[in-house]
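Observations on the three-dimensional arrangement
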Amino acid sequence: KNQVEQSPQSLIILEGKNCTLQCNYTVSPFSNLRWYKQDTGRGPVSLTIMTFSENTKSNGRYTATLDADTKQSSLHITASQLSDSASYICVVSEGSYIPTFGRGTSLIVHP
Amino acid sequence: DAGITQSPRHKVTETGTPVTLRCHQTENHRYMYWYRQDPGHGLRLIHYSYGVKDTDKGEVSDGYSVSRSKTEDFLLTLESATSSQTSVYFCAIRGTSGDLETQYFGPGTRLLVL
């Protein structure tokens, strides 16, 4: 069964600090991996999309990495801001129309 | 937001009553999805549609039905609402970001079943 596991489940950091969120998956075959940001009370919004051939992709202060051999991805947030407080969801697709979702990491950034 | 709206945005209903949630898109996307999101479970697929009148079940479809009579509207119906169906419901469409396909989500509907 395809699975996506995220860690940690929750994380609290101080404003200005960096953090890294992890995603491990067993989805096969692999098509693409996406990271979404979901603010409280809103729908998820895509941050990055990576295919098999990409191992790093940045979107402002967000940098996603992908190791397709070990089936791991990470999302690194640099110089965190209060607005980064959200849930971050890892989603992996096998090329079908039904992606597999992780349960998300809840990030709280304190001033 | 890929032109996705959901209605209603909030609803309170009683156990045993039927409830219909509407998802509307304006960009002629073929694929549409209904998810529910609950604490500790993340997003779970209820039903999806790959065209007008073409739908299929997801992993948590029991107690739900869907209809898609035109491209822009995807309806989710709870035939007889139960307290376990209290949740936040998200509609999504399958679109493209550059050359890659991805999902875009609506703003969600908060449903409370008393």
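All figures in this text were calculated on a predicted structure; none of them were measured in a lab.

Scoring rules and cut-offs
- Residues numbered from 1 in each chain as written.
- Chains lettered and ligands numbered in written order.
- Predicted model: local features only at pLDDT ≥ 70, side-chain atom pairs only at ≥ 80, totals over all residues.
- Heavy atoms only, no water.
- Helix = DSSP H or I, 4+ residues; strand = E, 2+ residues; numbered from the N terminus.
- Rg over C-alpha atoms; globule rule 2.2 N^0.38 Å.
- Buried < 20%, exposed > 50% of the residue type's maximum accessible area, 1.4 Å probe, protein only.
- Contact = heavy atoms within 4.5 Å.
- Areas by Shrake-Rupley, 256 points an atom, 1.4 Å probe, with all protein chains shown as cover.
- Lys, Arg positive; Asp, Glu negative; His and termini not counted.
- Charge placed at Lys NZ, Arg CZ, Asp CG, Glu CD.
- Pairing = 2+ DSSP bridges.
- Axes fitted to C-alpha atoms, helices over the stretch in contact; angles between N-to-C directions.
- Buried area = accessible area lost by both parts, 1.4 Å probe.
- Salt bridge = Lys/Arg side-chain N within 4 Å of Asp/Glu carboxyl O.
- Polar contact = N/O pair within 3.5 Å; in protein donor to acceptor, adjacent residues only side chain to side chain.
- Nonpolar A, V, L, I, M, F, W, Y, C, P; charged D, E, K, R; others polar.

Turning our attention to the overall build of chain B. Scanning chain B for helices and strands turns up 0 helices and 11 strands. Listing each helix as α and each strand as β along chain B from the N terminus yields β-β-β-β-β-β-β-β-β-β-β. The C-alpha radius of gyration computed for chain B amounts to 13 Å, which stays within 12% of the reference 13 Å derived for 114 residues, consistent with globular compactness. Along the longest, intermediate and shortest principal axes, the C-alpha atoms of chain B span 45 × 30 × 25 Å. Counting over 114 residues, chain B shows a buried share of 50%. For chain B, long-range pairs separated by at least 24 residues make up 54% of all intrachain contacts whose partners lie at least 6 apart in sequence. Per element, the accessible surface of chain B, about 5400 Å² overall, is 47% carbon and sulfur. Averaged over its 12 positive side-chain charges, chain B has a centre that lies 3 Å from the centre of its 13 negative ones.

Residues and elements named next belong to chain A. With burial as the criterion, only one face of strand 1 (residues 4-7) is covered, namely that bearing Val 4 and Gln 6; the residues Glu 5 and Ser 7 on the opposite face remain uncovered. Note that strand 1 and strand 3 (residues 19-25) share 4 bridges and pair antiparallel. Paired with Val 4 across the strands is Tyr 25, a residue of strand 3.

It is worth spelling out the sheet that holds strand 1 of chain A at this point. Residues and elements named next belong to chain A. Spatial ordering of the open sheet is given by 1-3-8-7-6, a layout of 5 strands whose pairing is antiparallel. Of all the strands in the sheet, just strand 1 and strand 6 (56-59) have a single pairing partner and so form its edges. Between one strand and the next, the sheet's axes are offset by a mean angle of 15 degrees, whatever the strand orientation.

Residues and elements named next belong to chain B. Taken in spatial order, the 4 strands make up an open sheet running 1-3-8-7, and their pairing is antiparallel. Strands with a single pairing partner mark the edges of an open sheet, and in this sheet they are strand 1 (4-7) and strand 7 (64-70). Across the sheet, the mean angle from the axis of one strand to that of its neighbour is 20 degrees, orientation sign disregarded. Sheet topology note: the strand 3 (residues 19-25)/strand 8 (residues 73-78) ladder contains 6 bridges and is antiparallel.

It is worth spelling out the interface of chain B and chain A at this point. With 22 residues of chain B at the contact, the number on the chain A side is 17 residues. Of the roughly 1600 Å² buried where chain B meets chain A, counting both sides, 59% is carbon and sulfur surface. Three residues, Leu 43, Leu 100 and Phe 105 of chain B, lead the burial of chain B against chain A; their summed loss comes to 27% of the area buried on that side. Taken together, chain B and chain A are joined by 0 salt bridges. Taken together, the connections running from chain B to chain A amount to 5 residue pairs in polar contact (both at pLDDT 80 or more). Elements supplying a minimum of two residues to the side of chain B that touches chain A: strand 4 (32-38), strand 5 (42-51), strand 9 (87-97) and strand 10 (100-105) of chain B. The dominant element in the side of chain B that touches chain A, judged by the number of residues it contributes, is strand 10 of chain B, at 5 residues. Residue composition of the side of chain B that touches chain A, grouped by class: 10 nonpolar, 8 polar and 4 charged.

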